[in-house]
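One-letter residues, chain by chain:
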Amino acid sequence: MKIPRFAIALMAAVCLSGCETTAPASGMSRAASAPVPSQLSFVDINKFDNDLHASLLAHPDMVSVVFYEKVSPNSTPERLQRWLNVVEKTGGKVDVEPPPGELVPRNPFALISLLGGLWNAIKMTTEVKQDSMLLAARGRDAVISLERNREGQVVISKVSFKANKP
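Residues numbered from 1 in each chain as written. Predicted model: local features only at pLDDT ≥ 70, side-chain atom pairs only at ≥ 80, totals over all residues. Heavy atoms only, no water.

Draft legend 1. Structural detail: the nonpolar core. Formed by 26 residues in total, the largest nonpolar core has its most connected members in Phe48, Leu52, Leu56, Trp83, Val159 and Phe161. Where this core is concerned, the elements lending two or more residues are β1 (39-42), α2 (46-58), β2 (62-67), α3 (78-89), β4 (140-148) and β5 (154-163). Tallying contributions element by element places α3 first for this core, with 5 residues. When neighbours within four sequence positions are excluded, leucine 56 is seen to be in contact with Val63, Trp83, Ala136, Ala137, Arg140 and Phe161. (Core = buried A, V, L, I, M, F, W, Y, C linked by side-chain atoms within 4.5 Å. Buried < 20%, exposed > 50% of the residue type's maximum accessible area, 1.4 Å probe, protein only. Helix = DSSP H or I, 4+ residues; strand = E, 2+ residues; numbered from the N terminus. Contact = heavy atoms within 4.5 Å.)

Quick look at the structure:
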């Protein structure tokens with residue numbers, strides 16, 4: 001008994017239509033359907049901006065940025081300064097949290113100059129692009145948490161973007 005080609009093609013189409021596809025619907029990439037983290041590690045590349053933008057949109061309460069390599073508040077990367085500048089320019093506050101357990105700094109003038117340098121760096125970054133990516137920081141406050149490293153230097157441990165409290 002010979003089976004016509006049309007019947008074979010029809011049977012193959014019916015069998016294949018029942019298979020599950022691994023591609024997400026509506027043209028979304030697999031990466032786009034992955035969960036968006038509420039804590040990011042800072043890397044000074046464009047992908048960080050994209051990841052922070054997505055996290056700020058997905059997590060309205062708080063998003064934290066930690067560092068692979070801790071930096072001095074006076075050496076805050078320009079990429080992160082732009083985000084902090086948007087927080088300030090859109091009505092949010094940028095607060096600095098001293099290292100844990102330090103109610104009074106060992107040298108108050110050193111901490112004041114350190115924080116002053118950070119604040120000046122944020123204010124001097126006036127080249128804020130009003131693009132939609134950076135505006136994801138609107139309606140937020142930022143908290144820069146400091147800590148002491150093994151050498152006793154003050155470094156940034158993390159930056160948290162929190163929803164504004166009305």
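Draft legend 2. Region of the structure containing a nonpolar patch on the surface. Together, Val43, Ile45 and Tyr68 make up an exposed nonpolar region whose accessible area comes to about 320 Å². Along the chain, the position of isoleucine 45 falls in the loop between β1 and α2. (Patch = residues over 30% accessible without salt bridge, like charges linked within 9 Å, V, L, I, M, F, W, Y side chains within 5 Å. Areas by Shrake-Rupley, 256 points an atom, 1.4 Å probe, with all protein chains shown as cover. Salt bridge = Lys/Arg side-chain N within 4 Å of Asp/Glu carboxyl O.)

Draft legend 3. Quick peek at the sheet that holds β2. Read from one edge of the open sheet, 5 strands run β1-β2-β5-β4-β3, paired in mixed fashion. Each end of this open sheet is capped by a strand with a single partner; those strands are β1 and β3 (94-97). Recorded for the sheet is a direction-independent mean angle of 20 degrees between the axes of neighbouring strands. In terms of strand pairing, β3 meets β4 through 4 bridges, oriented parallel. Note on β4: the bridge partner recorded for valine 94 is alanine 142. Docked against the sheet, α2 engages β1, β2, β4 and β5, running at close to 165 degrees with respect to β1. Across the sheet, α3 lies against β1, β2, β3, β4 and β5, angled at about 45 degrees from β5, the strand it touches most. (Pairing = 2+ DSSP bridges. Axes fitted to C-alpha atoms, helices over the stretch in contact; angles between N-to-C directions.)

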